[in-house]
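Architecture and fold: a report
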Amino acid sequence: MVDVAVLAGVSTQTVSRVANGSRDVRAATRRHVIAAMNELGYRPNSAARALKRGTFRTIGVITFPLSSQGNMRTLEAIALHAARQDFAITLIPVTAPTQAGIQGAFSRLGELAVDAVIAIMEVHLLEAATVTLPPGVKIVVVDADAGDQYSVVDMDQADGTRKAVQHLLDLGHETVWHVAGPKESVTSERRAAAWSTTLSAAGRPVPPVIRGDWSADSGYAAGLRLADETGCTAVFAANDHMALGLLRAFREKGKAVPEDISVVGFDDVPDASSYTPPLTTVHQDFAAVGRQCVDNVLRQIHANTIEPRVTLDPARLVIRQSTAAPLAASRATIQQRP
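The rules behind these values
Residues numbered from 1 in each chain as written. Predicted model: local features only at pLDDT ≥ 70, side-chain atom pairs only at ≥ 80, totals over all residues. Heavy atoms only, no water. Helix = DSSP H or I, 4+ residues; strand = E, 2+ residues; numbered from the N terminus. Buried < 20%, exposed > 50% of the residue type's maximum accessible area, 1.4 Å probe, protein only. Contact = heavy atoms within 4.5 Å. Areas by Shrake-Rupley, 256 points an atom, 1.4 Å probe, with all protein chains shown as cover. Pairing = 2+ DSSP bridges. Axes fitted to C-alpha atoms, helices over the stretch in contact; angles between N-to-C directions. Expected span 1.5 Å × (residues − 1). Phe/Tyr/Trp six-rings, centres within 6.5 Å; stacked < 30°, edge-to-face > 60°. Lys NZ or Arg CZ within 6 Å of the ring centre and 35° of its normal. pLDDT = per-residue confidence, 0-100. Parallel < 35°, antiparallel > 145°, perpendicular 65-115°, else oblique. Left-handed = near helix turned anticlockwise from the far one by under 90°. Nonpolar A, V, L, I, M, F, W, Y, C, P; charged D, E, K, R; others polar.

Notes on the overall build of the protein chain
Summing up its helical and strand segments, the protein chain has 13 helices and 12 strands in all. Looking at the protein chain as a whole, 46% of its 338 residues qualify as buried. Long-range contacts, defined here as pairs at least 24 residues apart, represent 69% of the contacts in the protein chain between residues at least 6 apart. Of the roughly 16500 Å² of accessible surface on the protein chain, a fraction of 52% belongs to carbon and sulfur atoms.

In structure tokens, the structure reads:
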């Protein structure tokens, strides 16, 4: 730093201000200092700066699986929003939802220099792994069921499901069948519970749940079965990929969507508007969740306090061409017209 100061003809304090991004330096002086840094190959020592100010300006992110589109979109938003606040992220992927895997990920983060952790995983996995964090490290969990032990940011899964089911009931369908995700998924169970509760509250029969595994293939298998189910005029799929499988199965079985069967998905993946027909679905703003996670941990870091609170981003129903009134209701309406 002394060498840079001598070459630039300024004080070491001015070099320090430039290195730390201070705006209290004239533009011409800043250019001279940066030119001297480049000429001498000087780079600020981030470790030393972190020790001096007591923070590392780094957020650790633990998530699995990276193949999940929702997780990837949330992670992208976290990285971009953190960069805007001059924070970096350290990513620790967990390949399997096991106690050893999660404990190993948190142990690895404990060895690294992070100020906070964002955990994109279901909270019961954290509790099962008996995770401990280094003193002072803040945490945000992306799971609406995390309760008041953690600071929570998530989508309002239950409200999104209610909107999807109520939309089909309002169109005149007697009930709504459900293709759920795997039973071990808390997200799947949350959506299934909201589906059942919405039907019961409306006094409608609750059909048996059909299980899928989030894939289009499992939705296709469910669709082959539902196409032969007497009285099935509406289906709510727990994600858009299974809804895509449903559309294929119904088409192959000679069932027109939405004339014979209406279909609603969940997630609003980028291709949902290009399905045949374009899919009615529940939109999740993963980017908003990612930004809120970063804002949450930064508040905790700056205030040096834990902030147990729940922030649920509202879900929005996007109505497209895969839903309509059932044929029987449409015919009755036509007959009632003068």
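Here the narrative resumes.
Some words on the sheet that holds strand E10 (residues 280–283)
One open sheet holds the six strands; their spatial order is E7-E6-E8-E9-E10-E12, and the pairing between them is mixed. Looking at the sheet topology across the chains shown, the edges are occupied by strand E7 (210–211) and strand E12 (316–318). Of the strand pairs in this sheet, E10 and E12 are connected by three bridges, and their pairing is antiparallel. By the bridge assignment, threonine 281 is partnered in E12 with valine 318. This element, helix H9 (residues 186–201), spans strand E6 (177–180), E7, strand E8 (234–237) and strand E9 (262–267) of the sheet and lies at about 175° to E6.

Brief notes about helix H8 (residues 157–170)
For H8, spanning 14 residues, the distance from its first C-alpha to its last is 20 Å, which sits close to the expected 20 Å at 1.5 Å a residue. Packing partners of the buried residues in H8 comprise strand E5 (151–155), H9, E8, E9, E10 and E12. Note on H8: the residue one or two positions beyond its end, glycine 172, has a positive phi of about 110°.

Things to note about the packing of aromatic side chains
What the rule picks out here adds up to one aromatic pair. Stacked on the ring of phenylalanine 266, the Lys or Arg arginine 191 has its end atom at 3.8 Å from the ring centre. Over the face of the ring belonging to tyrosine 220 we find arginine 248, whose NZ or CZ atom lies 3.9 Å from the ring centre.

Section: the sheet that holds strand E11 (residues 310–313)
Strand order across the open sheet formed by six strands is E2-E1-E3-E4-E5-E11, with parallel pairing between neighbours. Each edge of the open sheet is held by one strand with a lone partner, namely strand E2 (88–93) and E11. On average, each strand axis in the sheet is tilted by 20° relative to the strand beside it, whichever way the strands run. Bridge count for strand E4 (residues 138–141) against E5 is two bridges, and the pairing is parallel. Opposite valine 141, over in E5, you have valine 152 as the bridge partner. Strands strand E1 (58–63), E2 and strand E3 (116–120) of the sheet are contacted by helix H5 (residues 69–84), whose axis makes an angle of about 155° with E2.

Structural notes on the confidence of the model for the protein chain
Predicted coordinates in regions of low pLDDT should not be interpreted in detail. In this model, the protein chain carries an average pLDDT of 86, and 84% of its residues clear a pLDDT of 70 or more. Segment residues 330–338: pLDDT under 50, and one contact once partners within four positions in sequence are set aside and those in other chains are kept.

Regarding the pairing of E5
Taken across its five residues, E5 has five buried, putting it largely inside the fold. Burial along E5 is two-sided: Ser151, Val153 and Met155 and Val152 and Asp154, pointing in opposite directions, are all buried.

Topic: the packing of H8 against H9
Look at H8 against H9: their axes get within 8 Å of each other, and the N-to-C directions meet at 40°. Between H8 and H9, the angle falls in the class oblique. As for how H8 packs across H9, the hand of that crossing is right-handed. Along the contact surface, H8 presents Gln157, Ala158, Thr161, Arg162, Val165, Gln166 and Leu169, while H9 presents Thr187, Arg190, Arg191, Ala194, Trp195, Thr198 and Leu199. Across the contact of H8 with H9, the residue classes tally to six nonpolar, five polar and three charged.

Quick word on the packing of helix H2 (residues 12–19) against helix H3 (residues 27–40)
If you want to describe how two helices pack, look at the angle between their axes and the distance between the axes. Viewed as axis vectors pointing N to C, H2 and H3 meet at an angle of 90°, and their least axial separation amounts to 10 Å. When the axis of H2 is compared with that of H3, the two are roughly perpendicular. Residues Thr14, Val15, Val18 and Ala19 of H2 pack against Thr29, Arg30, Val33, Ile34 and Met37 of H3. Across the contact of H2 with H3, the residue classes break down as six nonpolar, two polar and one charged.

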